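Residue strings, one per chain:
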Amino acid sequence: MVENANTRRRGAMLMRSTGLGKTELLAEIIGLKRQGDYLIMEVHTISPVFWKIRSGLSRRDLWMLIKALLKMEVIGFLLNFPAWSKEPKHPGEF
């Protein structure tokens, strides 16, 4: 992943797909809006391609996300306040 001032200024969400091989996408969440029985999350990839990706999250998806956020490992991650001001280190292969 090549970092420059533009990628550091934006979000640092990393995405991978089995359909893209070893390609890693850098993305940022642009918005979240309700559409019927779904919340539509819009993500823009900013490197190496510029794609607009939308995901429809149902209530079951959100419940799974809330349960995952309540795990101690995640709570510890969120409460590590000094890390919020640092540039994240790459997680390696994921």
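Nothing here was measured: the structure is a model prediction, and the numbers come from that model.

1. Overview of the environment of Leu-57
Right, so step 1: Mapping Leu-57 onto the fold places it in strand E4 (residues 52-57).
Right, so step 2: For Leu-57 and Met-41, which are 16 residues apart along the polypeptide, the C-alpha to C-alpha distance reads 7.4 Å.
Right, so step 3: Those residues in contact with Leu-57 that sit more than four places away from it in its chain are Leu-32, Asp-37, Tyr-38, Leu-39, Met-41 and Leu-62.

2. Description of the sheet that holds E4
Right, so step 1: Strand order across the open sheet formed by four strands is E1-E2-E3-E4, with antiparallel pairing between neighbours. Of all the strands in the sheet, the pair left with one neighbour each is strand E1 (13-16) and E4. Pairs of neighbouring strands in the sheet enclose a mean axial angle of 40 degrees, with direction left out of account.
Right, so step 2: Bridging between strand E2 (residues 24-35) and strand E3 (residues 38-47) involves nine bridges; their strand directions are antiparallel. Directly across from Lys-33, in E3, lies its bridge partner Ile-40.
Right, so step 3: Taken strand by strand, helix H2 (residues 59-69) contacts E2, E3 and E4, and its axis lies near 95 degrees from that of E4.

3. With respect to the pattern of salt bridges
Right, so step 1: Evaluated as defined, the whole model comprises three salt bridges.
Right, so step 2: For the salt bridge of Lys-22 with Glu-93, the shortest nitrogen-to-oxygen distance reads 3.8 Å. Pair noted here: Lys-22 is in the loop between E1 and E2 and Glu-93 is in the segment after helix H3 (72-78), with a separation of 71 residues, a long-range link. Here Lys-22 and Glu-93 have matching classes, each one exposed.

4. Digging into the side chain of Thr-45
Right, so step 1: Among the secondary structure elements, Thr-45 is positioned in strand E3.
Right, so step 2: Residue class for Thr-45 comes out buried when judged on its relative accessible area of 2%.
Right, so step 3: There is a polar contact of 2.9 Å between the side chain of Thr-45 and the backbone oxygen of Val-49.
Right, so step 4: A polar side-chain atom of Thr-45 sits 2.8 Å from the main-chain amide nitrogen of Trp-51.
Right, so step 5: With sequence-adjacent residues up to four places away left out, Thr-45 is seen in contact with Met-15, Leu-25, Leu-26, Ala-27, Phe-50, Trp-51 and Ile-53.

5. Quick look at the confidence of the model for the protein chain
Right, so step 1: Here the protein chain shows a mean pLDDT of 89. Residues at 70 or above account for 88%.
Right, so step 2: When mean pLDDT is compared element by element in the protein chain, E4 scores highest at 97, while helix H1 (residues 5-9) scores lowest at 47.
Right, so step 3: Long-range and interchain partners of residues 1-8, a stretch whose pLDDT sits below 50, account for eight contacts in this model, where long-range means more than four residues apart.

Rules and cut-offs
- All residue numbers here refer to positions counted from 1 along the written sequence of the relevant chain.
- The predicted origin of the model limits local features to residues at a pLDDT of at least 70 and limits the giving and counting of side-chain atom pairs to 80 or more, whereas totals for whole chains, interfaces and linings rest on all residues.
- Only hydrogens and water are set aside when side-chain values are computed; all heavy atoms of the structure are taken into account.
- Comment: elements are numbered from the N terminus, with helices defined as DSSP H or I runs of at least four residues and strands as E runs of at least two.
- Any two residues whose heavy atoms approach within 4.5 Å at even a single point are treated as in contact.
- For two strands to be treated as a pair, DSSP must find at least two bridges joining them.
- Every angle, taken between N-to-C directions, lies between 0 and 180 degrees, and every axis is a line fitted to C-alpha atoms, over only the stretch in contact when it is a helix.
- Here, a salt bridge means any Lys or Arg side-chain nitrogen found within 4 Å of an Asp or Glu carboxyl oxygen.
- Using a 1.4 Å probe on the protein chains alone, a residue whose accessible area is under 20% of its type maximum counts as buried, one over 50% counts as exposed, and one in between counts as partly exposed.
- The term polar contact refers here to a pair of N or O atoms within 3.5 Å; inside protein, the definition further demands a hydrogen-donor-capable atom paired with an acceptor-capable atom, and it admits residues adjacent in sequence only when both atoms are side-chain atoms.
- Confidence scores here are pLDDT values: one per residue, from the predictor, ranging 0 to 100.

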